[in-house]
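Report on the structure
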Amino acid sequence: MATHTIEVTVNGEKHQATVESRLLLVHLLREQLRLTGTHIGCDTTHCGACTILLDGQPVKSCTVLAVQADGHQLTTVEGLEKDGKLHPIQEGFWEKHGLQCGFCTPGMMMTSCALLARNKKPTELEIREAISGNLCRCTGYVNIVKAIQMAAERLA
Amino acid sequence: MIPAAFDYHAPKSLAEAVGLLSQYGDGAKVLSGGQSLLPLLKLRLGQAAHLVDIGRIPGLEYIKEEGGMLRIGGRTRESALEHSDLIRSRYPILLDTVLVIADPLVRNMATVGGNLAHGDPGNDHPATMLVLGAQVVATGPKGERVIPVDKFFLGLFSTALKPDEIVTEIRIPMPAARSGGAYVKFERKVGDYATAAAAASITLAANGTIAQAGLALTNMGPTSVRATAAEQQLVGKKPDAAVLESAARAAAQATSPNADRRGATDYKKEMGRVLAVRALKKALARAGGN
């Protein structure tokens, strides 16, 4: 079985790993690097629970091979908090109660971070379009939108 | 879900990639954005012994106008089209199309070449490319070959591409004066394939009649369906509502959608008709007509 030695930078830290060709990026993160904040939801490219940033762009890590990420920069939900201080997007989700069961939350926050990096003042419609690939089965979208709006204000 | 085992190759040049495809033949698949291929492999609906990742080959991602054509690199991501000022200002039909492909996260990986090469009748680019008269540039062991998109889609998941060819460019003629196009899709939810969708293009003559018309429907048969009879009805006519509606009816009649969870055959045909009217009206407005 073909294996590959890859190097990925995750949340600013370099990691080397030996991976099988077919290993999915989400499994590299969760099972080899033990970063279990990234969730596996549908496993069929629908739900966005596994969203991470690949070179700053949100992607579904269940639909990327680990070996495709060789040499790239990854950010997971664990990379949001800095020096014990929550990222404004995390504060937003906390204060606006942007979660119920919390399963979609890591993916929602990663997508939101990428949105706010390219659009400082998104309209409600732009927020809703940006998170349209992330499903919340508690249907808590109203507070998720409020959380992102609050983060946008704090980051402005 | 874990795909069955395969070998992964990451060629650094087109020549190397084509060499690998020639070597492994039918056992190899091109990995572009992977947003259709990886789900297929994970669900084990498809298998490949070798994946040839073209993501590390430089020079396959671009959007530019040159020599009278819009040229899109085969590996250009859908999100690049979405955020391109050139596409936003000059090719609204392409913007319509890209905004309804899957969802924004998938579009950050998915590529235009992959959307065409996959040959899925549910994909959105094919109908748009049919009405725009696009050409697909395929690179293989003997170099480049230009395939008119009319001759590209052969059947369900089947295209004119040979196993050792890679889609390296998509060419679209630059829009003529007084022309416009539109893509309208009806989907159950964001990210779904079309229940029905229609692409339309219209060029107006100086006297206000239709000089050229394109109309094609998505997910209404084993390939995207170009409605040639409907197009012929439109040419030379004054584009009033009755003319557009009659063409849309002809377009829907020529389709053969399967009944599935998105709806019954008759329902899909009716949706195809409705969407064809809407796409024609939007294209006409963009062409500067009423």
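Values in this document were obtained by computation on a predicted structure and should not be read as measured data. In this numbering scheme, every chain counts its residues from 1 along its sequence in written order. A letter from A marks each chain and a number from 1 marks each ligand, given out in the order of writing. Given that the model is predicted, a residue must reach a pLDDT of at least 70 before its local features are reported, and side-chain atom pairs must reach 80 or more before they are shown or counted; all residues, however, enter totals for whole chains, interfaces and linings. Each side-chain value is worked out from all heavy atoms of the structure, with water and hydrogens disregarded.

Attention now goes to the overall build of chain A. Every helix listed is a DSSP run of H or I at least four residues long, and every strand listed is a run of E at least two residues long, numbered separately from the N terminus. Within chain A one finds five helices and five strands. From first element to last, N terminus to C terminus, chain A shows the α and β order β-β-α-β-β-β-α-α-α-α. Our radius of gyration looks at C-alpha atoms and nothing else; its globule reference is 2.2 Å times the residue count to the power 0.38. Over its C-alpha atoms chain A spans a radius of gyration of 15 Å, differing by no more than 12% from the 15 Å that the globule rule assigns to 156 residues. C-alpha extents for chain A along the principal axes are approximately 50 × 30 × 25 Å. Burial classes: relative accessible area under 20% of the type maximum marks a residue as buried, over 50% as exposed, and values in between as partly exposed (1.4 Å probe, protein chains only). Looking at chain A as a whole, 55% of its 156 residues qualify as buried. Put simply, 54% of the contacts in chain A that link residues at least 6 apart link residues at least 24 apart. We call two residues in contact whenever any of their non-hydrogen atoms come within 4.5 Å of each other.

Now for the interface of chain A and chain B. Counting residues at the interface gives 36 residues for chain A, matched by 29 residues for chain B. Using a 1.4 Å probe, buried area is obtained as the accessible area two parts lose upon being combined, added over both of them. For chain A, the biggest contributors to the area lost against chain B are Arg22, Thr63 and Gln68 of chain A; these three give 25% of the whole. Salt bridge criterion: a side-chain nitrogen from Lys or Arg within 4 Å of a carboxyl oxygen from Asp or Glu. For the interface between chain A and chain B, the tally reads two salt bridges. The salt bridge involving Lys60 of chain A is made with Asp103 of chain B; its shortest N-O contact spans 2.5 Å. Whenever a nitrogen or oxygen atom comes within 3.5 Å of another N or O atom, the pair is scored as a polar contact, on the condition that within protein one atom can donate a hydrogen and the other can accept it, and that pairs from neighbouring residues in sequence are kept only if both atoms are in side chains. Connecting chain A to chain B are 12 residue pairs in polar contact (both at pLDDT 80 or more).

What follows covers the pairing of strand S4 (residues 57-60) of chain A. Residues and elements named next belong to chain A. Each pair of strands is called paired provided DSSP finds at least two bridges between the two strands. Where strand S3 (residues 51-54) and S4 come together, four bridges link them in antiparallel fashion. The residue of S4 that forms the bridge with Ile52 is Val59. What sits between the antiparallel neighbours S3 and S4 is a turn of two residues, in which Asp55 has the positive phi angle 50°.

Next up on the list: the pattern of salt bridges. Residues and elements named next belong to chain B. Counted according to the given criterion, the structure contains 29 salt bridges over all chains. A salt bridge links Asp150 to Arg226; the nearest nitrogen and oxygen atoms lie 2.9 Å apart. In this pair, Asp150 is assigned in the loop between strand S7 (143-148) and strand S8 (153-155) and Arg226 in strand S14 (residues 225-226), connecting sequence segments 76 residues apart.

All names here are of chain A. Across the sheet, five strands lie side by side as S2-S1-S5-S3-S4; this open sheet has mixed pairing. Among the strands making up the open sheet, the edge pair consists of strand S2 (13-20) and S4. Geometrically, the sheet is characterised by an average inter-axis angle of 40° between neighbouring strands, direction not taken into account. Where S3 lies against strand S5 (residues 73-75), two bridges are found, and the strand directions are antiparallel. Pairing of Leu53 across the sheet is with Thr75, part of S5. Together, S3, S4 and S5 form the strand contacts of helix H3 (residues 105-118), whose direction differs from that of S3 by roughly 35°. Axis angles are defined between N-to-C directions and span 0 to 180 degrees, where every axis is a line fitted to C-alpha atoms and, for a helix, only to the segment in contact.

One number per residue, pLDDT, summarises how confident the predictor is, and it ranges from 0 to 100. Mean pLDDT over chain B works out to 97, with 100% of the residues at or above the 70 mark. For this predicted complex, the interface confidence score (ipTM) comes to 0.97, while the overall pTM stands at 0.96.

On to the side chain of Thr168 of chain B. By secondary structure assignment, the location of Thr168 of chain B is in strand S10 (residues 166-173). Not counting the four nearest positions on each side in its chain, Thr168 of chain B is found in contact with Leu14, Leu60, Tyr62, Ile72, Gly73, Gly74, Val137, Ala138 and Thr139 of chain B.

Residue and element names in this part refer to chain A. Judged from the eight bridges that link them, strand S1 (residues 3-10) and S2 form a sheet pairing that is antiparallel. The residue of S2 that forms the bridge with His4 is Val19. Where S1 hands over to S2, the hairpin turn is made up of two residues, of which Asn11 adopts a positive phi near 50°. Pairing geometry for S1 and S5, over two bridges, is parallel. Across the sheet, residue Thr9 finds its bridge partner in S5, namely Gln73.

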